[in-house]
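If you want the building blocks of each chain, they are given just below.
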Amino acid sequence: MKWNNVDLVEGHMLTLTNKDQSRTSAAIYMHENRLYILEGTVPQGSPLPDFFQQSVGWLDENGNGIRYQTLYHHGFPKPPVANRGGQGQGGRAGNAGQVGQPR
């Protein structure tokens, strides 16, 4: 098991070799009182399934992507959110990814 973070939310990653020589990668995060467990398994000889974990991100109550200024440790005061794309705290630049909005 190793320590990891996604957008500065701390968590843990595990890489396992199973009895049949398949490989499993798992990641565990706790954010805003929610437990996130990500897991992927591939057959023997395949590349590790680590890439799926890179697509994880965190959203605020308005659906905007967030990244903290310092590490988020569950159970401690929440750190400030970093400014993204000139949109204030946690906002997205432009209308990228917003359904039904002109670009």
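One can find the structure itself at the top, above this paragraph.
Draft legend 1. Up close: the sheet that holds strand 1 (residues 2–6). Reading across the sheet, the 4 strands line up as 1-2-3-4 and stay open at both edges, with antiparallel pairing between neighbours. The sheet is open, and its two edges are formed by strand 1 and strand 4 (34–42), each paired on a single side. Averaged over neighbouring strand pairs, the angle between their axes works out to 25° when direction is ignored. Bridging between strand 3 (residues 23–31) and strand 4 involves 9 bridges; their strand directions are antiparallel. Paired with His-31 across the two strands is Arg-34, which belongs to strand 4.

Draft legend 2. Structural detail: the pattern of salt bridges. The final tally for this structure, using the stated rule, is 2 salt bridges. Between Arg-67 and Asp-7 there is a salt bridge whose closest N-O contact spans 3.2 Å. One end of the pair, Arg-67, is in the segment after strand 6 (65–66); the other, Asp-7, is in the loop between strand 1 and strand 2 (9–17), and 60 residues separate them in sequence. Judged by relative accessible area, Arg-67 falls into the partly exposed class, the value being 33%. The exposure class of Asp-7 is buried, given its relative accessible area of 17%. Here Glu-32 and Lys-78 are joined by a salt bridge, their closest N and O atoms 3.1 Å apart. Here Lys-78 lies in the segment after strand 6 and Glu-32 lies in the loop between strand 3 and strand 4, a separation of 46 residues in the sequence.

Criteria and cut-off values
Residues numbered from 1 in each chain as written. Predicted model: local features only at pLDDT ≥ 70, side-chain atom pairs only at ≥ 80, totals over all residues. Heavy atoms only, no water. Pairing = 2+ DSSP bridges. Helix = DSSP H or I, 4+ residues; strand = E, 2+ residues; numbered from the N terminus. Axes fitted to C-alpha atoms, helices over the stretch in contact; angles between N-to-C directions. Salt bridge = Lys/Arg side-chain N within 4 Å of Asp/Glu carboxyl O. Buried < 20%, exposed > 50% of the residue type's maximum accessible area, 1.4 Å probe, protein only.

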